[in-house]
Amino acid sequence: MRGTSIATFAGTGFLLAGCNTHQSTLAPFGADAADIRHLFIIMLIGAVVIAGGVALLMRHAVRAPEGAIDHRGGMRIILWLGGVIPTIVLFGLLVYSLPYMKPRPVSPVDLSIAVDGEQFWWRVAYRPTGGAPVASANEIRIPTGRTVAFRLSAGDVVHSFWIPGLAGKMDMIPGRTNTLVVRAEKPGRYRGQCAEFCGLSHALMAFDVIAMPPAAFDAWLANEARPAGTGGDATGARLFAANGCGGCHSVAGVTAPSRTSGIGPDLTHFGARRTLAAGILPMTPANVAGFIRHPEKTKPGVRMPSFPQLSDEEAMALARYLQGLS
Ligand code: CUA
């Protein structure tokens, strides 16, 4: 019976470990996350050895005849197992892990990406060396094999920037810029998540991370820097203007910059993004149309007003227009 439950427990562990490589510290695609996984495994082995030792000791204590250990013996056990050995283990772990805490050096040619946490989405600005900043939102693309410096801040409350497969967490604090330097090693599509409670839709504040080979990334960024095209639907374009969408959302080459145009996510190349509503819904016309009419159904506490007055056809025309912006 005991053997069966141990086997079940171990089996479940292996199944869980294998089920998510999309957002997992144990499936790193960056050097820092690989360090974190290494430390995790070392600590796990240590914890299993210590827990096993304690279990053996308990078995011994339960089976030993009464009075087998006198008061002095008991105090010695407490001194060694409760004081000396934990101190040695923790000190050893500290010495072993200190080199991993050294920040990665940034060379001046590296790409800098500013990310601001908002309720409940991500404001993104690529700042290539020698080039103009490129605005985006809710999706972050990075080149593999190059160091990237994330400049992290927040527009409203404290958020936390976390891409489990790439690096550890970093707080995003209004009025302050924290820097997180990373390097992706493996191309692929991964997921990041806000890791600090920030309001009603904290759990619905995610983003896609796409690590690309450097040449593909450079081509993508060059396209991202271009103004938007005409979009996918002329009626939708008219509705976008008539409903004042450009009052909060900027679309480079379409909307005029204003005091409020940065309130919502930039939509210049909206159609090229893989997900909608900060990593929550697949990017389909029906989802976009539904979100425009009732954003609060997907994201409680969202700042975007709802547009229930739009008919199904109008919402779909807007969705087609936006998805044509790529
Ligand atoms: Cu943003 Cu939690």
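Before going into details, it helps to say that this report is about the structure given with it. (Residues numbered from 1 in each chain as written. Predicted model: local features only at pLDDT ≥ 70, side-chain atom pairs only at ≥ 80, totals over all residues. Heavy atoms only, no water.)

### A few points about the layout of surface pockets
Sizing a probe to match a water molecule and rolling it over the atoms shows the empty space that remains. Put simply, the rule is: Cavity: a set of points on a 1 Å grid over the protein atoms alone where a 1.4 Å probe fits but cannot get out. Pocket: an open set with protein on both sides within 12 Å along at least five of seven lines, its lining residues, like those of a cavity, having an atom within 4 Å of a point. Grid points are joined across faces, edges and corners, and a volume is the space filled by probe spheres set on the points. Every helix listed is a DSSP run of H or I at least four residues long, and every strand listed is a run of E at least two residues long, numbered separately from the N terminus.
Space inside the largest pocket adds up to approximately 680 Å³. His249, Gly264, Pro265, Phe291 and Met304 are, among the 33 residues lining the largest pocket, the residues nearest its centre. Sorting the residues of the lining of the largest pocket by element identifies strand 11 (275-276), helix 6 (285-293) and helix 8 (312-323) as the ones contributing at least two each. Looking at the lining of the largest pocket element by element, the count peaks at three residues for helix 6.

### A closer look at the sheet that holds strand 3 (residues 134-137)
Put simply, the rule is: The pairing criterion for strands is at least two bridges between them, as found by DSSP. Where helices are involved, their axes are fitted lines through C-alpha atoms of the stretch in contact, as for all axes, and angles between N-to-C directions lie from 0 to 180°.
One open sheet holds the five strands; their spatial order is 3-2-1-5-8, and the pairing between them is mixed. Edge positions in the sheet fall to strand 3 and strand 8 (178-183), since each has one partner strand and no second. Each strand axis lies, on average, 25° off the axis of its neighbour in the sheet, ignoring direction. Direction of pairing for strand 2 (residues 121-127) relative to strand 3: antiparallel, over a ladder of four bridges.

### Concerning the packing of helix 5 (residues 234-242) against helix 8
A pair of packed helices can be characterised by two numbers: the angle between their axes and the separation between those axes. Note the cut-off: Oblique is the label for every angle not falling under 35 degrees (roughly parallel), over 145 degrees (roughly antiparallel), or within 65 to 115 degrees (roughly perpendicular). Throughout, a residue-residue contact means that at least one pair of heavy atoms, one from each residue, lies within 4.5 Å. Polar here means any residue other than Ala, Val, Leu, Ile, Met, Phe, Trp, Tyr, Cys and Pro, which are nonpolar, and Asp, Glu, Lys and Arg, which are charged; Gly is therefore polar.
Between helix 5 and helix 8, the shortest axis-to-axis distance is 7 Å and the interhelical angle comes to 100°. As far as their axial angle goes, helix 8 and helix 5 are roughly perpendicular. Across from Thr235, Gly236, Ala237, Leu239 and Phe240 in helix 5, the residues of helix 8 making contact are Glu314, Ala317, Leu318, Tyr321 and Leu322. When the residues that make up the contact of helix 5 with helix 8 are grouped by side-chain class, the tally is seven nonpolar, two polar and one charged.

### Describing the environment of Leu152
Where we set the bar: Exposure is judged per residue with a 1.4 Å probe applied to protein chains only, and the accessible area is read against the type maximum: over 50% gives exposed, under 20% gives buried, and values in between give partly exposed.
Structurally, the position occupied by Leu152 is in strand 5 (residues 147-154). Residue classification places Leu152 among the buried positions, given a relative accessible area of 0%. A C-alpha to C-alpha distance of 22 Å links Leu152 and Thr275, two positions 123 residues apart in sequence. Not counting residues within four places of it along the chain, the set of residues in contact with Leu152 comprises Val115, Phe161, Met170, Asp171, Met172, Arg176, Thr177, Asn178 and Leu180.

### Brief notes about empty space enclosed by the protein
Enumeration according to the criterion identifies one cavity of 30 Å³ or more in this entry. Taken as a whole, the largest cavity spans an internal volume of roughly 40 Å³. Around the largest cavity, the lining residues are Tyr126, Ser136, Glu139, Arg141, Trp220, Glu224, His269, Ala272 and Arg273. When contributions to the lining of the largest cavity are tallied by element, the ones reaching two or more residues are strand 4 (139-143) and helix 4 (214-224). Residue composition of the lining of the largest cavity, by class: three nonpolar, two polar and four charged.

### Remarks on a nonpolar patch on the surface
Our working rule: To count toward a patch, a residue needs a relative accessible area over 30% and no salt bridge; like charges are then connected within 9 Å, while nonpolar side chains (Val, Leu, Ile, Met, Phe, Trp, Tyr) are connected within 5 Å. For every accessible area listed, the method is Shrake-Rupley and the probe measures 1.4 Å; residues are considered covered only by the protein chains on display. Between Lys or Arg on one side and Asp or Glu on the other, a salt bridge is scored when a side-chain nitrogen of the former is within 4 Å of a carboxyl oxygen of the latter.
On the surface, Ile50, Val54, Leu57, Met58, Ile69, Ile77, Leu79, Trp80, Leu81, Ile85 and Val89 cluster together into a nonpolar patch covering about 1000 Å² of accessible area. At the level of elements, helix 2 (31-63) and helix 3 (71-97) are the ones that each hand at least two residues to the nonpolar patch. In terms of residue count, helix 3 provides more of the nonpolar patch than any other element does, six residues in total. Note on placement: Met58 falls in helix 2. Assessed through its relative accessible area of 55%, Met58 is described here as exposed.

### Some thoughts on the sheet that holds strand 10 (residues 206-212)
The strand order across the open sheet built from five strands is 4-10-9-6-7, with neighbouring strands paired in mixed fashion. Either end of the sheet is taken by a strand with one partner, and the two such strands are strand 4 and strand 7 (170-172). With strand direction ignored, the average angle separating the axes of adjacent strands in the sheet is 30°. Here strand 6 (residues 159-162) runs beside strand 7; their pairing, made up of three bridges, is antiparallel. Residue pairing across strands places Ser160 opposite Asp171, the latter belonging to strand 7. Across the sheet, helix 4 lies against strand 4 and strand 10, angled at about 135° from strand 4, the strand it touches most.

### Structural notes on the packing of aromatic side chains
For clarity, the threshold we go by: Here a pair means two rings of Phe, Tyr or Trp (six-membered ring of Trp) with centres within 6.5 Å. Their orientation is stacked below 30 degrees between planes, edge-to-face above 60, and tilted elsewhere. We call a charge positioned above a ring when the Lys NZ or Arg CZ atom is no farther than 6 Å from the ring centre and deviates by at most 35 degrees from the ring normal.
Here the structure, examined in full by the defined rule, presents 10 aromatic pairs. With 6.1 Å between their ring centres and 45° between their planes, Tyr96 and Tyr100 make a pair best called tilted. Classification of Tyr96 by relative accessible area gives partly exposed; the value is 36%. Ring geometry for Phe150 against Phe161: centres 4.9 Å apart, planes inclined by 55°, an arrangement best described as tilted. Of this pair, Phe150 sits in strand 5 while Phe161 sits in strand 6, and the two are 11 residues apart along the sequence. In this structure, Phe150 and Phe161 share a single accessibility class: buried. Put simply, the rings of Trp122, Phe150, Phe161 and Phe207 pair up and form one aromatic cluster. The side chain of Lys169 reaches across the aromatic face of Trp162, ending 4.5 Å from its centre.

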